Amino acid sequence: MPDPNGFLRYERQLPKRRPVPVRIRDWREVYPPAGEELIRDQATRCMDCGIPFCHEGCPLGNRIPDWNDLVRTNAWAAAAESLHATNNFPEFTGRLCPAPCEAACVLGIADDPVTIKQVEVEIANHAFDLGYVKPQPPATLSGRSVAVVGSGPAGLAAAQQLARAGHAVTVFERDDRIGGLLRYGIPDFKLEKERIDARLAQMEAEGVIFQTGVNVGVDVTADDLRERFDAVLLTCGALAGRDTHGTPGRQLRGVHLAMDHLVPANRVVAGLQESTPIDARDKHVVIIGGGDTGADCLGVAHRQGAANVIQLDQYPLPPEARAAELHPWPTWPVILRNYPAHEEGGERVFGVAVQEFVDDGNGNVAAVRVADVVVERVDGRRTVTVTPGSERDLRADLVLLAIGFEGTEQQPLLDQLGVTRNPRGAVDAGDDWQTGADGVFVAGDMHRGASLIVWAIAEGRAAAAAIHQYLGAPGDLPAPVRPTSQPLAATR
Ligand SMILES: Cc1cc2nc3c(=O)[nH]c(=O)nc-3n(C[C@H](O)[C@H](O)[C@H](O)COP(=O)(O)OP(=O)(O)OC[C@H]3O[C@@H](n4cnc5c(N)ncnc54)[C@H](O)[C@@H]3O)c2cc1C
Ligand code: SF4
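Residues numbered from 1 in each chain as written. Chains lettered and ligands numbered in written order. Predicted model: local features only at pLDDT ≥ 70, side-chain atom pairs only at ≥ 80, totals over all residues. Heavy atoms only, no water.

As a reminder of what qualifies: UniProt positions are given in the numbering used here, feature names are shortened, and annotations may be inferred rather than shown by experiment.
Under an unreviewed UniProt entry, the name given to the protein chain is Glutamate synthase (NADPH/NADH) small chain, and the organism recorded is Pseudosporangium ferrugineum. Quoted verbatim from the Pathway (unreviewed entry) field of UniProt, the annotation for the protein chain is "Amino-acid biosynthesis."

### Focus on the site of ligand 1
Quick note on the threshold: Residues are labelled near a given molecule or strand when at least one of their non-hydrogen atoms is within 4 Å of it. Polar contacts, as counted here, are pairs of nitrogen or oxygen atoms within 3.5 Å of one another; within protein the pair requires one atom able to donate a hydrogen and one able to accept it, and residues that are adjacent in sequence qualify only if both atoms are side-chain atoms. Using a 1.4 Å probe, the Shrake-Rupley method yields the accessible areas, and only the shown protein chains count as cover for residues. The numbering of helices and of strands both runs from the N terminus, where a helix is a DSSP run of H or I of at least 4 residues and a strand a run of E of at least 2.
Neighbouring residues of ligand 1: 38 residues in total, closest Leu96, Glu173, Lys190, Gln411 and Asp445. For ligand 1, an oxygen atom lies 3.0 Å from a polar atom in the backbone of Ala154. Leu452 has a polar backbone atom sitting 3.4 Å from an oxygen atom of ligand 1. Protein burial of ligand 1: of its 1000 Å² of free accessible surface, 99% is covered by the chains. With 3 residues, the single largest contributor to the shell around ligand 1 is helix α15 (residues 292-304).

### A short note on the side chain of Thr44
The following threshold applies: What makes two residues a contact is simply this: any of their non-hydrogen atoms within 4.5 Å.
Structurally, Thr44 can be placed in helix α3 (residues 36-44). Not counting chain neighbours up to four residues away, the residues in contact with Thr44 comprise Asp3, Gly6, Phe7, Arg9, Tyr10 and Arg72.

### Considerations on the site of ligand 2
Our working rule: For cavity detection a 1 Å grid was placed over the protein atoms alone, and a set of points counts as a cavity when a 1.4 Å probe fits there but cannot get out; an open set counts as a pocket when protein lies on both sides within 12 Å along at least five of seven lines, with lining residues being those that have an atom within 4 Å of a point. Each molecule is assigned to a cavity or pocket provided more than half of its atoms lie within 2 Å of the corresponding grid points. Each residue receives one of three labels: charged for Asp, Glu, Lys and Arg, nonpolar for Ala, Val, Leu, Ile, Met, Phe, Trp, Tyr, Cys and Pro, and polar for the others, Gly being one of them.
Surveying the vicinity of ligand 2 reveals the residues Cys58, Asn62, Ile64, Thr93, Cys97, Ala99, Pro100, Cys101, Ile116, Lys117, Glu120 and Val454. If you map ligand 2 onto the pockets, it falls in the second largest cavity. Counting residues per element, the ones that place at least two in the shell around ligand 2 are α8 (100-103) and α9 (116-129). In terms of residue count, α9 provides more of the shell around ligand 2 than any other element does, 3 residues in total. Tallied by class, the residues present in the shell around ligand 2 amount to 8 nonpolar, 2 polar and 2 charged.

### Brief notes about the pairing of strand β6 (residues 284-288)
What counts here: Exposure classes here rest on a 1.4 Å probe applied to the protein chains alone. A residue is buried below 20% of its type maximum, exposed above 50%, and partly exposed in between. Criterion used throughout: strands pair if DSSP finds at least two bridges between them. Call a crossover right-handed when, viewed with both strands pointing away from you, the route from the first strand across the helix to the second goes clockwise.
Within β6, 5 of the 5 residues are buried, which leaves the element mostly enclosed by the surrounding structure. Side chains His284, Val286 and Ile288 project from β6 onto one buried face, and the interleaved Val285 and Ile287 project onto a second face that is buried too. In this sheet, strand β7 (residues 308-313) lies alongside β6 in parallel orientation, the contact comprising 5 bridges. For Val285, the partnering residue across the bridge sits in β7 and is Val309. Chirality of the crossover, the property in question, places the unit of β6, α15 and β7 among those that are right-handed. Sheet analysis places β6 next to strand β13 (residues 398-401), joined by 4 bridges and oriented parallel. Each bridged residue has a counterpart across the sheet, and for Val286 the counterpart in β13 is Val399.

### Side note on the nonpolar core
Convention followed: The criterion is simple. A nonpolar core is a set of buried Ala, Val, Leu, Ile, Met, Phe, Trp, Tyr and Cys residues joined through side-chain atoms within 4.5 Å. Domain extents, as shown, originate in an automatic or database domain assignment.
Ranked by internal contacts, the top residues of the largest apolar core, which has 67 residues, are Trp67, Val71, Ile123, Leu182, Phe210, Leu233 and Ile467. With 11 residues, the single largest contributor to this core is helix α18 (residues 453-470). Mapping this core onto the domain boundaries places at least three of its residues in each of domain 1 (6-129) and domain 2 (145-239 + 406-470). If we ignore the near neighbours within four places in the chain, the residues touching Leu182 are Phe92, Leu96, Pro153, Leu191, Lys193, Ile196 and Ile453. Of all hydrophobic cores here, the second largest spans 23 residues; its members include Ile278, Cys297, Leu398 and Ala402.

### Topic: empty space enclosed by the protein
Put simply, the test is: Grid points are joined across faces, edges and corners, and a volume is the space filled by probe spheres set on the points.
Under the counting rule described, the total for this entry stands at 2 cavities of 30 Å³ or more. There is about 100 Å³ of room inside the largest cavity. In terms of lining residues, the largest cavity is bounded by 16 residues, among which Cys46, Cys49, Cys105, Val106 and Val114 are the most central. When residues of the lining of the largest cavity are traced back to their parent elements, those giving at least two are α4 (53-57) and α5 (64-72). Considering every element that reaches the lining of the largest cavity, the biggest residue donor is α5, with 3 residues. Partitioned by chemical class, the residues of the lining of the largest cavity number 13 nonpolar, 1 polar and 2 charged. Considering only enclosed or pocket space, the second largest cavity measures out at about 90 Å³ in volume. Lining the second largest cavity are 16 residues, with Cys58, Asn62, Cys97, Cys101 and Glu120 sitting closest to its centre. Mapped by element, the contributors of at least two residues to the lining of the second largest cavity are α5, α8 and α9. The greatest single-element share of the lining of the second largest cavity, amounting to 3 residues, is contributed by α9. A class-by-class count of the residues in the lining of the second largest cavity yields 11 nonpolar, 3 polar and 2 charged.

### Describing the packing of aromatic side chains
So the rule is basically this: A pair of Phe, Tyr and Trp rings is counted when the ring centres sit within 6.5 Å of each other, with Trp represented by its six-membered ring. The angle between the planes then sorts it: under 30 degrees is stacked, over 60 is edge-to-face, the rest tilted. Placement of a positive charge over a ring is assigned whenever Lys NZ or Arg CZ falls within 6 Å of the ring centre and within 35 degrees of the normal to the ring plane.
On inspection of all chains with the given rule, the structure shows 4 aromatic pairs. Ring geometry for Phe89 versus Phe92: centroids 5.3 Å apart, planes at 45°, classification tilted. Taken together, a centroid distance of 5.9 Å and an interplanar angle of 90° make the contact between Phe172 and Phe229 edge-to-face. Taken together, the residues span a long stretch of sequence, with Phe172 in strand β2 (residues 168-173) and Phe229 in the loop between α13 (222-228) and β4 (231-234) at a distance of 57 residues. Across the pair, exposure class does not vary: Phe172 and Phe229 are buried alike. The positively charged end of Arg303 is found above the aromatic ring belonging to Phe189, 4.0 Å away from the centroid. Geometry around Trp455 places Arg448 over its ring, the cationic atom sitting 3.6 Å from the centre.

What follows is the structure, given as structure tokens:
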């Protein structure tokens, strides 16, 4: 029986982050492991309310009150088991999820919500440290095989579910390492890559085969895969970066997509290359885009030794607290999101849009010309109105475009399968997660549009359950209730 008064005794408290002057000199995670007592106290704040809206908030349907109470009573092994029952990779979500569960926490109506995400990551840490994460190979093999194309969290979650159900799973990845955006998009200060390796070791022991450096559609055709495997799951992400096409000066040297900055920076940290062609050292950096990709560029730029960083956002400065009339509890509120990278320096400018990249006379960017703007929805369409006379130049010798993604890349694989992208750049699926091609399924960002890790895992689990059924295997695989194979608005 949970402690009904826990939230009266303990205030919400997050673990301390490593000091800024220390952490920007390395690439280690910002949060050191939290003390056990702090996490137990925080878990004690969960009152196990009659209707746990946090379940509804979490796309995976994580059984949050259950594992909060197990942590409160020091039952870490049982907490790890309960958490892993719905989430293959709590070590990723516990570090990286924006925690929609916390926005839906009942305690949040009158008080600060429970620090659900922090409890989650500590359960995951205990599970690895104390040896609770063990391979769970299947008791019998089904004799059926599945190819998973793409090794981000969607592909990995599906692969683990299917391998544990006895199917022979091979994951094909065109990069040289497994992990998708977890590996080369998200910087180490948010997720150290040993976390991925530790999980991959478990999956390999469960029978999953990983093949890196294989661009499906180029190195092996879609027909090859369909002949060799009983089902194919596409989890190729939504990696087509949005560009500022048409903005004067876009072609100047020094103007780059965010991913062209983040990927080599991650590879340098991993020791795979010595330097990056897009280094922020001593540069005046302007990041266009106020989301978490922009915040990742900010953290990387500071660690590379940027002289100065400005992050621009078209939208006005959001409120710091939920505007209840617009975003009532338990919905996801539009509020100012501060990432740890923001306390490391730099300036944020809201309500501005780029008008031009200014040439230094030699084909290099010298400044970003911005103007104040008002962004509105008129008849359902987004309009951007420039305030006359507000133009000004911001000095810049490196500009990073972090303005989102336009869906999955158009690539030979899609042509070979006869699968098309919808107007959002995503690949549609039927209720059974199948694309228009028989036996070919889709999940994650490739299906949903650029979204979140928690949604990728949830869709991977749901698609795995559908594939298991398609293969005619006995019994059902567990799948979250909420993910639907129908096209959804992106959540990032
Ligand atoms: C910079 C950045 C930071 C982010 N930070 C967060 C965060 O803090 N929290 C959060 O929840 N989400 C975050 N996200 C979003 C999150 O990373 C994605 O939603 C998630 O990774 C999607 O998972 P996925 O498995 O669908 O695809 P991805 O992770 O994109 O993986 C797709 C994989 O498919 C591979 N692939 C593509 N085509 C082929 C092919 N033909 N053959 C073989 N392999 C192929 C790609 O190389 C890639 O490895 C961030 C995204 C970015 C870009
Ligand atoms: S995965 Fe995200 S939404 Fe679900 S419990 Fe963890 S932090 Fe909350």
